[in-house]
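Here is what each chain is made of, one letter per residue.
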Amino acid sequence: MVDWTPDLTRSDKPRYLAIAEAIAEDIGNGRLSAGDRLPPQRQLAARLAMDFTTVARGYVEAQRRGLVASRVGQGTFVKAPLRQQSTARGGVPALADLSMNLPPEPDDPALLARMREGVAEVSADLVALLRYQGFGGSRSDKAAAASWLARRGLAPAPERLFVVPGAHSALLGILSVLARPGDVVLAEALSYPGIRLIAAQLGIRLVGLAMDGDGVEPGAFDEACRTLQPKALYLNPVLHNPTTLTVPEARRAELAAIARRHRIAIIEDDAYGFVPAAPPPPLAAIAPELTWHVAGLSKCIGAGLRIAYVVAPDARSGWPFAAALRAASVMASPLTAAIATHWIEDGTADAILRFLRTETAARQRLAAEILAPGSYRADPLSFNLWLELPAPWTRSAFAGHMQSTGIGVVASDAFAADGNPPEAVRVCLGGPQGRDAIRGALEFMAHALGHPPEVSSTFL
């Protein structure tokens, strides 16, 4: 460990910024070198006669600027050589945006080369892929979709299968067919924010149903069917966003039986259905005559593809759905649909899935090392944590505290279907940031959770 005490007397900036700038200055003048371990935060706080939180924030700011790296159980080390990093934040990268629930981005050179080769092969017929095509996908795209869906035990006839521009568009089309302004659609009490936005746009009343550890409570669903005359039940049953639970097969069967009894359509948003190696059977396999199955590729291959596969309950139901979505978006991009098809056919999609599972499991293990046991909910293969905050922390105070240090999290308000959000936040571990950035963010988060808000506050 280097014997380093920064000179903060020449700076009139907040002391946490002065610490970060002193690190940068001393790297530049050679006082600090690559690999030097900085003094422990508590030790430096004592030397400078300041509180620990200020020093911790200074180290976090230095990490955000790419000056240092934190290693679990070892300390904080100087990074070098410094690299210019372009970001949307004036050249200063955020520590970690943990707000978007994305899969980890592939960084394996062999996998990336394979992905690029597939894109190059698809581009050989580029001109044809730039033309308008019929809605619902080409014959080859539907064949690849059917092959992909077969992994979930589904074998839809071609007239029930549609290739569409993303799950969000699919949900918009389905809801526009099933419900009218003022109608009720049921959902989990905590639901995907996108379904809330779509319901609001269409003037649909979204009603949240009570949940337990297995998902929507059957009694709550049955009661709502009898009293509210809903048009549909929306579910995100695998690695539920945001709580990470997966609805077991027995509960799925109970919900399907209630839907049959009341003749209620089911919208199954299977966004994460391909992430676990052996998930429960989809509701579309249990109650195919009632279920709209949406299998987006955003969470298992890549959000930029904007491709999803939709299975309608029957061919007749697919007609108004196709008309609604054609009016809204004309067609899915033939180019990205062809890339998805190629990757499914040549096994690249499977290789991406293997990478996602391995990397996600590693990030979840990292979270388990840093955060207190029992302080959050997660699955070994979920891209996020559901962090239930200890008193006296509130969701707004915690989210604001994290944001002040460049760490993005999402307060539970975004997920509450019809009010009453719990004191909790969603913390995402995927996306473009690497494990070092996630580790630093989680360490800062763990420290904050161990102190009341008035002690942890970084506002000046």
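What you see is a predicted model; the values in this text were computed from it and never measured.

Conventions and cut-offs
Residues numbered from 1 in each chain as written. Predicted model: local features only at pLDDT ≥ 70, side-chain atom pairs only at ≥ 80, totals over all residues. Heavy atoms only, no water. Helix = DSSP H or I, 4+ residues; strand = E, 2+ residues; numbered from the N terminus. Buried < 20%, exposed > 50% of the residue type's maximum accessible area, 1.4 Å probe, protein only. Polar contact = N/O pair within 3.5 Å; in protein donor to acceptor, adjacent residues only side chain to side chain. Expected span 1.5 Å × (residues − 1). Contact = heavy atoms within 4.5 Å. Pairing = 2+ DSSP bridges. Axes fitted to C-alpha atoms, helices over the stretch in contact; angles between N-to-C directions. Salt bridge = Lys/Arg side-chain N within 4 Å of Asp/Glu carboxyl O. Core = buried A, V, L, I, M, F, W, Y, C linked by side-chain atoms within 4.5 Å. Phe/Tyr/Trp six-rings, centres within 6.5 Å; stacked < 30°, edge-to-face > 60°. Lys NZ or Arg CZ within 6 Å of the ring centre and 35° of its normal.

(A) Structural context of the environment of Arg-42. Along the chain, the position of Arg-42 falls in helix H2 (residues 41-48). In this structure the C-alpha to C-alpha distance between Arg-42 and Ala-56, which are 14 residues apart in sequence, comes to 8.5 Å.

(B) Molecular detail of the side chain of Ser-404. With respect to the helices, strands and loops of the structure, Ser-404 is situated in the loop between helix H15 (395-403) and strand S15 (407-408). On the basis of relative accessible area, Ser-404 is assigned to the buried category, the value being 18%. Separated by 2.7 Å, the side chain of Ser-404 and the backbone oxygen of His-401 make a polar contact.

(C) Summary view of helix H12 (residues 315-329). A rise of 1.5 Å per residue sets the reference length of H12, with its 15 residues, at 21 Å; its end C-alpha atoms lie 21 Å apart and thus fit the reference within 8%. Restricting attention to buried positions, one finds in H12 the residues Ser-317, Gly-318, Phe-321, Ala-322 and Leu-325. On the buried face of H12, the contacting elements are strand S4 (161-164), helix H7 (167-178), strand S11 (291-296) and strand S12 (308-311). The N-cap residue of H12 is Asp-314: its side-chain oxygen and the backbone nitrogen of Arg-316 are 3.1 Å apart. Positive backbone phi, approximately 70 degrees, marks Val-330, located one or two places after H12.

(D) Broad picture of the sheet that holds strand S14 (residues 384-388). Read across the sheet, 4 strands follow the order S13-S14-S17-S16 without closing on themselves; strand pairing throughout is antiparallel. Two strands in the sheet have a free side with no partner beyond their single neighbour: strand S13 (376-377) and strand S16 (410-411). Here S13 runs beside S14; their pairing, made up of 2 bridges, is antiparallel. Across the sheet, residue Arg-377 finds its bridge partner in S14, namely Trp-386.

(E) Layout of the sheet that holds strand S10 (residues 265-269). The mixed open sheet is built from 7 strands, whose spatial order is S4-S12-S11-S10-S9-S5-S6. Pairing within the sheet leaves two strands with one partner each, and these edge strands are S4 and strand S6 (205-209). Between one strand axis and the next, the sheet turns by 20 degrees as a mean value, whatever way the strands run. Two elements, S4 and S12, share 4 bridges in a ladder whose sense is antiparallel.

(F) Unusual backbone geometry, seen in detail. Put simply, Asn-241 and Pro-242 share a cis peptide bond, and its omega is 25 degrees. On the secondary structure map, Pro-242 appears in the loop between strand S9 (232-235) and helix H10 (249-262). Cis geometry is adopted by the peptide bond preceding Pro-392, which originates at Ala-391 and carries an omega value of 5 degrees. When you line up the elements, Pro-392 lands in the loop between S14 and H15. One non-glycine residue, Thr-244, lies in the positive phi region at around 75 degrees. Residue placement: Thr-244 occurs in the loop between S9 and H10. The exposure class assigned to Thr-244 is buried, which follows from its relative accessible area of 4%. Of note, the phi angle at Arg-263 is positive, near 60 degrees, even though the residue is not glycine. For Arg-263, the location among the structural elements is in the loop between H10 and S10.

(G) Up close: the pattern of salt bridges. Scanning the model with the defined rule gives 22 salt bridges in all. Residue Asp-7 is joined to Arg-10 by a salt bridge in which the shortest nitrogen-to-oxygen separation is 3.7 Å. With relative accessibility at 42%, the residue Asp-7 sits in the partly exposed group. Three or more residues joined by partner-sharing salt bridges are found here, namely Asp-222, Glu-223, Arg-226 and Arg-261.

(H) Just the nonpolar core, in detail. Ranked by size, the top nonpolar core spans 34 residues in total, and within it Trp-148, Leu-297, Ile-301 and Tyr-309 carry the most contacts. Secondary-structure elements contributing two or more residues to this core are helix H4 (109-123), helix H6 (139-150), S4, S12, helix H13 (334-346) and helix H14 (348-370). In contact with Trp-148, not counting residues within four places along its chain, are Phe-274, Leu-297, Cys-300, Ile-301, Tyr-309, Ile-344, Ala-349, Asp-350 and Leu-353. Ranked by size, the runner-up nonpolar core spans 29 residues in total, among them Ala-232, Ala-312, Leu-325 and Ala-417.

(I) Layout of the packing of aromatic side chains. Within the structure shown, the criterion is met by 7 aromatic pairs. Seen in terms of ring centroids, Phe-162 and Phe-321 are 5.4 Å apart; in terms of plane orientation they differ by 70 degrees. Their pairing is edge-to-face. Note that Phe-162 is positioned in strand S4 and Phe-321 in helix H12, a separation of 159 residues in sequence. In this structure Phe-162 comes out as buried when scored by relative accessible area, which is 8%. The interplanar angle of 90 degrees and the centroid separation of 5.4 Å between the aromatic rings of Trp-393 and Phe-398 together place this pair among those described as edge-to-face. For Trp-393, a relative accessible area of 4% corresponds to the buried category. By relative accessible area, Phe-398 is classed as buried at 0%. Connected via pairs of aromatic rings, a cluster forms that spans Phe-135, Phe-162, Trp-292 and Phe-321. Here the guanidinium or amino end of Arg-57 rests over the ring plane of Tyr-16, the centre of that ring lying 3.6 Å away.

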